[in-house]
Amino acid sequence: MSGRSHIAMGIAAAAVVSACRVTLPVPMARVRRGPAVARPVTKVLALPSVCRYDLCTGGQRFAVAMKSRMALEFAGYRIIDSERINLFLGNRTERDRRALASEVGQVTVRGATWADATPAQKHVLLRKMGIDAILKTAIDFGPTGGAAGDRLVTVRLELVTPDGQRLRWSSRCAVSAAGPSGFDKAIELATECSIQSAARVGVF
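Residues numbered from 1 in each chain as written. Predicted model: local features only at pLDDT ≥ 70, side-chain atom pairs only at ≥ 80, totals over all residues. Heavy atoms only, no water.

## Things to note about empty space enclosed by the protein
Rules: Within this scheme a cavity is a closed region of a 1 Å grid, computed over the protein atoms alone, that accommodates a 1.4 Å probe without allowing it to escape, whereas a pocket is open but has protein on both sides within 12 Å along at least five of seven lines; lining residues each have an atom within 4 Å of a point. Grid points are joined across faces, edges and corners, and a volume is the space filled by probe spheres set on the points. Gly is placed with the polar residues, together with every amino acid not listed as nonpolar (Ala, Val, Leu, Ile, Met, Phe, Trp, Tyr, Cys and Pro) or charged (Asp, Glu, Lys and Arg).
Tallied over the full model, the rule gives one cavity of 30 Å³ or more. Here the largest cavity is characterised by a volume of approximately 40 Å³. The wall of the largest cavity is formed by S68, A71, L72, L135, L157, W169, I195 and F204. Here the lining of the largest cavity is built from residues that sort into seven nonpolar, one polar and no charged.

## Focus on the packing of helix α1 (residues 58-74) against helix α3 (residues 179-201)
Note the following rule: Comment: axis = line fitted to C-alpha atoms, over the contacting stretch for helices; angle = value between 0 and 180 degrees taken between N-to-C directions. Helix and strand assignments follow DSSP, with helices taken as H or I runs no shorter than four residues and strands as E runs no shorter than two, numbered in order from the N terminus. In these notes the angle categories are as follows: under 35 degrees is roughly parallel, over 145 is roughly antiparallel, 65 to 115 is roughly perpendicular, and the rest is oblique. Crossing chirality is assigned from the near helix's rotation relative to the far helix, an anticlockwise turn below a right angle marking it left-handed and a clockwise turn marking it right-handed. Residue contacts follow a heavy-atom distance rule, with two residues in contact if any of their heavy atoms lie within 4.5 Å.
Running from amino to carboxyl end, α1 crosses α3 at an angle of 20°, the nearest separation of the two axes being 10 Å. Of the possible angle classes, the one that applies to α1 and α3 is roughly parallel. Remark: the crossing between α1 and α3 carries right-handed chirality. Residues Q60, V64, K67, S68 and A71 of α1 touch α3, and the partners they reach there are D184, I187, E188, T191, E192 and I195. Of the residues contributing to the contact of α1 with α3, the split by class is four nonpolar, three polar and four charged.

## Some words on the state of the cysteines
Any covalent bond linking the sulfur atoms of two cysteines counts as a disulfide. Worth spelling out the cut-off: When two cysteine sulfur atoms are found within 2.5 Å, that pair is recorded as a disulfide. Accessibility here uses a 1.4 Å probe with only protein chains present; expressed as a share of the type maximum, an area under 20% marks a residue as buried, one over 50% as exposed, and anything in between as partly exposed.
Overall, the coordinates contain two disulfides when judged by the stated rule. Between the sulfur atoms of C51 and its disulfide mate C56 the distance is 1.9 Å. Classification of the bridge connecting C51 and C56 rests on its S-S torsion, roughly 70°, and on that basis the disulfide is right-handed. A relative accessible area of 15% places C51 in the buried class. Linked covalently through their sulfurs, C173 and C193 form a disulfide whose S-S length is 2.0 Å. Between C173 and C193 the disulfide shows an S-S torsion of about -60°. By sign, it is left-handed. You can see C173 sitting in strand β12 (residues 167-177) and its partner C193 sitting in helix α3, a full 20 residues away along the chain. The exposure class of C173 is buried, given its relative accessible area of 1%.

## Side note on a nonpolar patch on the surface
How we decide: Without a salt bridge and with relative accessible area above 30%, a residue can belong to a patch; like charges are then joined within 9 Å and nonpolar side chains (Val, Leu, Ile, Met, Phe, Trp, Tyr) within 5 Å. Method for areas: the Shrake-Rupley scheme with a 1.4 Å probe, in which residue coverage is limited to the protein chains shown. For this analysis, a salt bridge means a side-chain nitrogen from Lys or Arg found within 4 Å of a carboxyl oxygen belonging to Asp or Glu.
Side chains of F62, M66 and M70 sit close together on the surface and give an oily, nonpolar patch of about 320 Å² of accessible area. Take M66: it is sitting in helix α1.

## Some remarks on the pattern of salt bridges
Applying the stated criterion across every chain yields a total of five salt bridges. As a salt-bridge pair, R69 and D81 come within 3.3 Å of each other at their nearest N and O atoms. In this pair, R69 is assigned in helix α1 and D81 in strand β7 (residues 78-81), connecting sequence segments 12 residues apart. Taking the shortest distance from any N to any O, the salt bridge between D163 and R166 comes out at 3.6 Å. Linked by salt bridges that have partners in common, R69, D81 and R84 make up one network.

Below, the structure is given as structure tokens:
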């Protein structure tokens with residue numbers, strides 16, 4: 001049902017990581033159906049993964065982004081990477097007429113990237129490209145707790161309408177871990193849990 005949260009258990013067994021500690025508990029998942037969940041989706045614009053407080057490495061953000069995109073592609077969606085979009089849909093080559101009429105060269109003018117675009121420009125581009133939804137992925141580290149320095153690591157996947165105003169669905173999983181190797185494994189488990197839980201509930 002629209003707006004209803006579904007609580008599911010992700011990943012069947014606990015995982016034990018290196019000697020530096022840590023037994024990772026079974027992730028807890030929460031999948032939510034938004035008001036726009038029933039709308040058909042074919043083409044999805046995938047935004048870069050973000051991390052709260054910038055505590056993640058580039059590799060961790062990349063892994064979350066790639067795994068979630070691959071899962072949606074496998075389910076039949078066409079994924080467009082926002083970081084590869086040229087705002088003007090490709091490079092333009094213009095003639096540069098210099099002071100002397102005989103000096104006519106060619107200059108490549110590169111369009112702005114998606115991140116550089118204004119909201120109005122993004123709206124136009126989304127419409128021209130026929131984007132049905134936007135995929136957002138995020139990693140969140142909770143506050144440190146306990147002598148071992150545990151943190152709750154949450155990975156969230158969210159599909160919204162092109163205007164960003166209406167939720168299609170969201171799926172998130174949280175795992176408690178400590179230490180760099182524990183965080184890596186927690187992010188991996190939480191990502192898999194978010195993907196599998198969303199698929200199990202049937203939102204994609």
